[in-house]
Amino acid sequence: MRTARRRTTLIATTAAATAALVTAGLLTSVSAQAAAGCQVAYSVASQWPGGFTGNVTVTNLGDPISGWTLRWSYGAGQQVSQAWGATATQSGSQVSATNVDYNGNLATNGSATFGFNASWNNSSNPAPSSFTVNNVACTGSTTPTTPPPSTPPPSTPPPSSTPPPGQQPSALVGWATQNGGTTGGGNAGTTTVSNASGLTSALNATGAAVIRVTGTITCSGMLRVRSNKTILGNDGATIVGCGFNISGDRNVIIRNLTFRNWNDDAINVQESATNIWIDHNSFSNGYDGAVDIKRGSDFVTVSWNRVFSHDKTMLLGHSDDNAGQDVGHLRVSYHHNWFDGSNQRTPRVRFGHHRERRRARRGQLLRERRRPVPPR
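Residues numbered from 1 in each chain as written. Predicted model: local features only at pLDDT ≥ 70, side-chain atom pairs only at ≥ 80, totals over all residues. Heavy atoms only, no water.

**Looking at the side chain of arginine 350**
(1) Moving on: Mapped onto the secondary structure, arginine 350 falls in the loop between strand E31 (348-349) and strand E32 (353-356).
(2) Moving on: Taking the relative accessible area as the measure of exposure, arginine 350 reaches 4% and is therefore buried.
(3) Moving on: Separated by 2.6 Å, the side chains of arginine 350 and aspartate 320 make a polar contact. (Helix = DSSP H or I, 4+ residues; strand = E, 2+ residues; numbered from the N terminus. Buried < 20%, exposed > 50% of the residue type's maximum accessible area, 1.4 Å probe, protein only. Polar contact = N/O pair within 3.5 Å; in protein donor to acceptor, adjacent residues only side chain to side chain.)

So this is what it looks like as structure tokens:
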């Protein structure tokens, strides 16, 4: 295969290395009688020249609320460009982040987490020094806003702000939204795995499942991933030495994982697998492809991933002589991936219909293009 020219593509990843600032804040209630209080955790999850990814968790310490807006100001010219799990806008130095549909209700001790991408000036990226929620200054204590009610509180708490297991923020775009959409494990129960045997068993099980990966898991070879799975990495979740093989299955989501030193491929999508979403992962120092999509697979979105210190990045289409299986399939969207100094296949495209967003150099984002690629 010919070597692709080096190029850099914008991405912000949810990498595990975290520089955190935890700040307490006051949270107001929309009810007539309320005690208000909250805690806000702000962290920089990943940082690179000119950009960074931030994570924020709002925990309600007071009475239940319905609807929240978190505000903070930057002191060094940082600019938020995109958010997930919240709707974020910026005016001057002030950022406003408002809940989305699934995390607006915060029960007592309930929390909501969202992330964002932003730019910085490469000389300083200080964390915000204060927050407000619903226009009330953060104090870190619970404060009665009116006299307590004369009747006891309801015995049943309001719904939690945490989405059902497997439900994702509405950030999926591109081909994986087609053909019935990609929901992974949906509302299935969550299984947390922390070792190779547990991960192998959970991935290969029949039926829908949400699989939470925690810690560093060392394994080898390719682990088979069956249909209707959501695989989510907790902070710092890392897969070392092995990769995931989605072969002929469908409806799989892989998010927030770090893959390192795999001995085959990191993620291999093949044999007419459909409706796959590969999002916010990082890949480095592997043997073969980071993300290979081939052999008639279809309706795939590859978004917000970072590949660095690695040679063969992303392959679309098995080989030049596999047109019989691939033509009319391989509909893949490459969306905001960062090829950080990788050598080739950024991506290497055969036969497919693809959508990608590229940049020729840092600071110059080119328009999104959608075009069929003819056989060659």
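**Thoughts on the confidence of the model for the protein chain**
(1) Moving on: Per-residue confidence for the protein chain gives a mean pLDDT of 77; residues scoring 70 or more make up 75%.
(2) Moving on: When the criterion is pLDDT under 50, residues 1-34 qualifies, and its contacts beyond four places in sequence or with other chains add up to 137 contacts.
(3) Moving on: Contacts from residues 146-170, a stretch scored under 50 in pLDDT, to residues over four places away or in other chains number 41 contacts. (pLDDT = per-residue confidence, 0-100. Contact = heavy atoms within 4.5 Å.)

**A closer look at helix H1 (residues 196-204)**
(1) Moving on: Listed as buried for H1 are Leu199, Ala202 and Leu203. Taken down its axis, H1 places every buried residue within 95° of arc, on the same side.
(2) Moving on: Of the surrounding secondary structure, the elements contacted by the buried residues of H1 are strand E15 (190-193), strand E16 (209-213), strand E17 (216-224), strand E18 (229-233) and strand E19 (238-247). (Arc of directions from axis to C-beta.)

**Observations concerning the packing of aromatic side chains**
(1) Moving on: Considering all chains together, one arrives at 13 aromatic pairs under this definition.
(2) Moving on: Between tyrosine 42 and tryptophan 72 the ring centres are 6.2 Å apart and the planes differ by 70°, which places this aromatic pair in the edge-to-face class. With a gap of 30 residues between them, tyrosine 42 in strand E3 (residues 38-48) and tryptophan 72 in strand E6 (residues 69-73) connect regions that are remote in the sequence. This pair shows no difference in class: tyrosine 42 is buried, exactly as tryptophan 72 is.
(3) Moving on: Taken together, the ring pairs connect Tyr42, Phe52, Trp72, Tyr74, Phe116 and Phe131 into an aromatic cluster.
(4) Moving on: The positively charged end of arginine 306 is found above the aromatic ring belonging to phenylalanine 308, 4.0 Å away from the centroid.
(5) Moving on: Above the face of the tryptophan 175 ring, arginine 331 is positioned so that its terminal group lies 5.8 Å from the ring centre. (Phe/Tyr/Trp six-rings, centres within 6.5 Å; stacked < 30°, edge-to-face > 60°. Lys NZ or Arg CZ within 6 Å of the ring centre and 35° of its normal.)

**So, the pattern of salt bridges**
(1) Moving on: Under the counting rule described, the total for this entry stands at six salt bridges.
(2) Moving on: Across the salt bridge formed by aspartate 298 and arginine 331, the nearest N and O atoms sit 2.7 Å from each other. Within this pair, whereas aspartate 298 is found in strand E26 (residues 298-303), its partner arginine 331 is found in strand E29 (residues 331-335), the two being separated by 33 residues in sequence.
(3) Moving on: The class of arginine 331 is partly exposed, set by a relative accessible area of 21%.
(4) Moving on: Close ionic contact of aspartate 340 with arginine 306 constitutes a salt bridge, the shortest N to O distance being 2.7 Å. (Salt bridge = Lys/Arg side-chain N within 4 Å of Asp/Glu carboxyl O.)

**Notes on the state of the cysteines**
(1) Moving on: One pass over the structure, following the stated rule, counts one disulfide.
(2) Moving on: The side chain of cysteine 219 participates in a disulfide bridge whose partner is cysteine 242; the two sulfur atoms lie 1.9 Å from each other. Sign of the S-S torsion, about -50° for the bond between cysteine 219 and cysteine 242, identifies this disulfide as left-handed. Taken together, the positions of cysteine 219 in strand E17 and cysteine 242 in strand E19 put the pair 23 residues apart, joining distant regions of the chain. (Disulfide = S-S within 2.5 Å.)

**Concerning unusual backbone geometry**
(1) Moving on: Of note, asparagine 179 is a non-glycine position whose phi angle comes to about 60°, a positive value.
(2) Moving on: As for its position among the elements, asparagine 179 is in the loop between strand E14 (143-144) and E15.
(3) Moving on: On the basis of relative accessibility, which here comes to 42%, the residue asparagine 179 falls in the partly exposed class.
(4) Moving on: A positive phi angle, near 65°, is found at asparagine 256, a position not held by glycine.
(5) Moving on: Within the secondary structure, asparagine 256 is located in the loop between strand E20 (250-255) and strand E21 (258-260).

**Concerning the nonpolar core**
(1) Moving on: Among the nonpolar cores identified, the biggest contains 43 residues, and Ile231, Ile239, Phe244, Phe259 and Ile293 are the most heavily contacted of them.
(2) Moving on: At four residues, the largest contribution of residues to this core is made by E19.
(3) Moving on: Listed in part, the 24 residues of the second largest apolar core include Val40, Val56, Tyr74 and Ala112. (Core = buried A, V, L, I, M, F, W, Y, C linked by side-chain atoms within 4.5 Å.)

**Some thoughts on the pairing of E16**
(1) Moving on: Taken across its five residues, E16 has four buried, putting it largely inside the fold.
(2) Moving on: Pairing geometry for E15 and E16, over four bridges, is parallel. Its bridge partner being in E16, threonine 190 is matched across the sheet by valine 210.
(3) Moving on: For the crossover that starts at E15, traverses H1 and ends in the parallel E16, the hand is right-handed. (Pairing = 2+ DSSP bridges. Right-handed = clockwise from strand over helix to strand, strands pointing away.)

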